[in-house]
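Topology and contacts: notes
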Amino acid sequence: MTGGTGVPDGHDHEEPSFIRKYIFSTDHKMIARQFLFQSLFFLVIGGLLAAMMRWQLGFPGQPMPGGGIFPDAMVAPTPEGAIMLPEFYNSLVTMHGTIMIFFAIMPLLVGLFGNLLIPLQIGAEDMAFPRLNMVSFWLAVPAGILMLAGFAVEGGAAGAGWTSYAPLSTSGEWTGVYLGQQLWLASLTILGFSSLAGAVNYITTIINMRAPGMTWFRIPLPTWSLFITAILILLAIPILAGALIMLLFDQTIGTGFFRPDVGGEPILWQHLFWFFGHPEVYILILPGMGIVSEVISNRSRKPIFGYHAMVLAMISIAFLGWIVWGHHMFQSGMNPLLGTSFMISTMAIAVPSAIKTFNWLGTLWRGNIHYDTPLLHAVAFVSMFIIGGLSGIFMANTPVDMYLHDTYFIVAHIHYVLFGGSLFAIFAGITFWFPKMFGRMMNETLGKVHFALTFVFYNMVFFPMHNLGLGGMMRRLYDPTEYEFLQTLQPMNKFVSISAFLLVGTQVLFAFNFFWSLFRGRKATANPWNSNTLEWTVPSPPPHGNFAEMPVVYRGPYEYSSPETDDDYYPQNVPPREHPPVAPAPAPFTPSPEPGGAE
Amino acid sequence: MMTTQAATIDRVREEGSGVYTLKLGMWIFLLSEVMFFTGLIGSYIILRFAHPTDFADPGQVLNVQLTAFNTFVLICSSVTMVKAFAAIEQGDQVGLKRWLLATIILGAFFVGVQVVEYIALTSEGFVPMAEAYAALGREHGTTVIGGPLYGATFYMMTGFHGTHVTIGVLCLMFTYWRARQGKYTATSHGGVEIMGLYWHFVDLVWILLFTIVYLI
């Protein structure tokens, strides 16, 4: 019922009150910015949690700098300082993963870019259901508060890992976490409703609210990717919600779905979780692919190489994403035949991924490349995604995975696709659309310095993790020095930790650039990147209701350096020039003498 | 090359699905509901195949006759919902209100019967809590029939369906309230139509659940 008539109140010209404009706004652009600020906050929290973990791994058993501020439930006070407790380390592992995936990357890609780009790129005045859109954001806020509240309750925050495998997660007996685990479940359930509300909105908007001329294959690739992502969210999140609620019942009222002690099935949790979890992986990467396609095409001043192939590759990835979940469970006990089919379907995903990579390189090839910050981040995405994709092929092989499973090789892989992939795409997207969001340009020099340092430190952190994993270091390990065979790897762990601190520290540059540009940045024109898509035809930032009159679309979104125009770009809404006849008109048609030849 | 196409473009939106936005949104939402119940039913199937002794034969524990009657009531409520929609399509305000009210009553009756059933079952020891499960069945024998997973999955599936019916009844009340205000006309009654879509979906799910939980 929410969302009402679907007609946004976009045409009243009176200035809305502060609360209606900034807090309970139904304007998709404001909701996008709300998601942006909330997610950046969680990105900082998630980064700090990671830094604390790295302290423990690099310098196990040594007092944590600033550790004295934590209560005794988290750290053990000693005369030299406070030492992290293993239980707190478990919470850090869990909360870092959960916060980064559900509260930073996913809302940045889907909440921020979905809300910002979809109506603007298809020429709509707002979402199909603006009030439902507002509800979507205001469900994400309490979800975030509940998630963080875990740190404040007795027993600490959830500690069973972001995957919350049963039976570890079914009872506080095993982790020492009671209420925290339940808050974790409640938070993610509420966040699921938020994501569903968003997905229904995105799909409806893209299907029904496109401007005249905006046919399916003229839709810009970010919007295409968000459309496919929204379908994945729509179908995957309900599975997670059902599983979360069952687990919540196991913990609170004592049902036995996943508890082997009363005859339940812990493996069922893994199946449900990964049946959601693998599409989730593509929820986290597909919008990045869309953003990167846009940025690379624009900054190379060339049409995207193989537009249709790009769309079809995303659709294939999304489809294959549903039949590969078992590759997370090779070690859980599985019929070998089933394992083999999961292996083959997983490796098949390399094909559409390779098509996309090839097309990005094809777009860059002999382009008039502008080395701006967005392009640098986008190219970083492509290169890091190749590394992450190739390590994925290793793990997809069942026999290889037997050895790599639950080691730091997995940690390296996930960070190559989630940080090297999604986060670089987010940086590309934020720097590219910052002028459209806030009407000001970000500082290029600071942006480039931030990019260079992030790229170097990022590889220094995560590349050695491949080696740590091959050396046998298990993930979610509190103290690697407890094992003799890992002690020789300790210098590498120290190197990774120091690099991680530098990586986190570098992000201060981005934060400074972001806020400085917000207030002091150079004023942006409507179309600073000479882009073709519709969001750049309106002022920066766009007014309420976006388009003064309904735009008409004449061509695809990537007509850069077109011979039909003098500029090197050809916006989608510019009417085609009337061509003077270049060749003499063909001779009048004369019917041929043979019968039937006139057809 | 493109001029011919440009000339034909009219300033109306690109043809979407041919379905108006509110209805399309409801269809899409129902897709996610399908997946939600797929997750629950799939879990039930897996658990039952893995632990056949945890489950009982039809009618041993559950009251099939009562629920069959309740199923009939819910199907009737779908009919009345269709009648309500047909009425407003003809602009019949009185008919709309009458049939909506009938749907509300039938829906609420369904939930009421389910609550009575829950009370009876829990008092006989058929509970979702694993440690407290002690269902002796309708024959009131001395041995416990089925196991903890039976209770847990039963309440999980019927409970979530019941929640959906309850939400549906509340939305129907809202629709009824708007109908009393005369908000729906022969040409504009999207709210009634999407209400009907949701209601028929909930009905359809129940037919599946009744078959799987009570009859098989």
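For clarity, every value in this text was computed on a predicted model and none was experimentally measured.

What counts, and where the lines are drawn
- Residues numbered from 1 in each chain as written.
- Chains lettered and ligands numbered in written order.
- Predicted model: local features only at pLDDT ≥ 70, side-chain atom pairs only at ≥ 80, totals over all residues.
- Helix = DSSP H or I, 4+ residues; strand = E, 2+ residues; numbered from the N terminus.
- Buried ≥ 20, exposed ≤ 12 C-beta atoms within 10 Å, placed from the backbone.
- Contact = placed C-beta atoms within 7 Å.
- Axes fitted to C-alpha atoms, helices over the stretch in contact; angles between N-to-C directions.
- Parallel < 35°, antiparallel > 145°, perpendicular 65-115°, else oblique.
- Left-handed = near helix turned anticlockwise from the far one by under 90°.
- Nonpolar A, V, L, I, M, F, W, Y, C, P; charged D, E, K, R; others polar.
- pLDDT = per-residue confidence, 0-100.
- Expected span 1.5 Å × (residues − 1).

Summing up its helical and strand segments, chain B has 6 helices and 0 strands in all. Seen in sequence order, chain B has helices and strands lined up from the N terminus as α-α-α-α-α-α. Along the first, second and third principal axes, the C-alpha set of chain B runs to 80 × 50 × 25 Å. When burial is assessed residue by residue, chain B has 38% of its 216 residues classed as buried. Long-range pairs, those at least 24 residues apart, make up 76% of the contacts in chain B between residues at least 6 apart in sequence.

Attention now goes to the packing of helix H7 (residues 221–252) of chain A against helix H8 (residues 266–300) of chain A. All names here are of chain A. Close contact between H7 and H8 brings their axes to 8 Å; oriented N to C, the two are set at 160°. With respect to H8, the element H7 is oriented roughly antiparallel. Judged by the twist between their axes, the crossing of H7 over H8 is left-handed. Of the residues contributing to the contact of H7 with H8, the split by class is 25 nonpolar, 4 polar and 2 charged.

Across chain B, the average pLDDT comes to 91, with 95% of residues at or above 70. A low-confidence stretch, residues 1–10 of chain B stays under pLDDT 50, and its non-local contacts, those more than four residues away or across chains, total 11 contacts.

Another aspect to go through is helix H15 (residues 444–470) of chain A. Between its terminal C-alpha atoms H15 of chain A stretches 39 Å, which fits the 39 Å expected from 27 residues at 1.5 Å a residue. Where H15 of chain A ends, the next residue or the one after it, Gly 472 of chain A, has phi of about 100°, a positive value.

Below, the discussion takes up the interface of chain A and chain B. Tallying the contact residues gives 44 residues for chain A and 40 residues for chain B. At the level of secondary structure, the elements contributing two or more residues to the side of chain A that touches chain B comprise helix H6 (179–208), H7 and H8 of chain A. No other element matches H7 of chain A, which puts 8 residues into the side of chain A that touches chain B. The residue makeup of the side of chain A that touches chain B, split by class, is 28 nonpolar, 12 polar and 4 charged.

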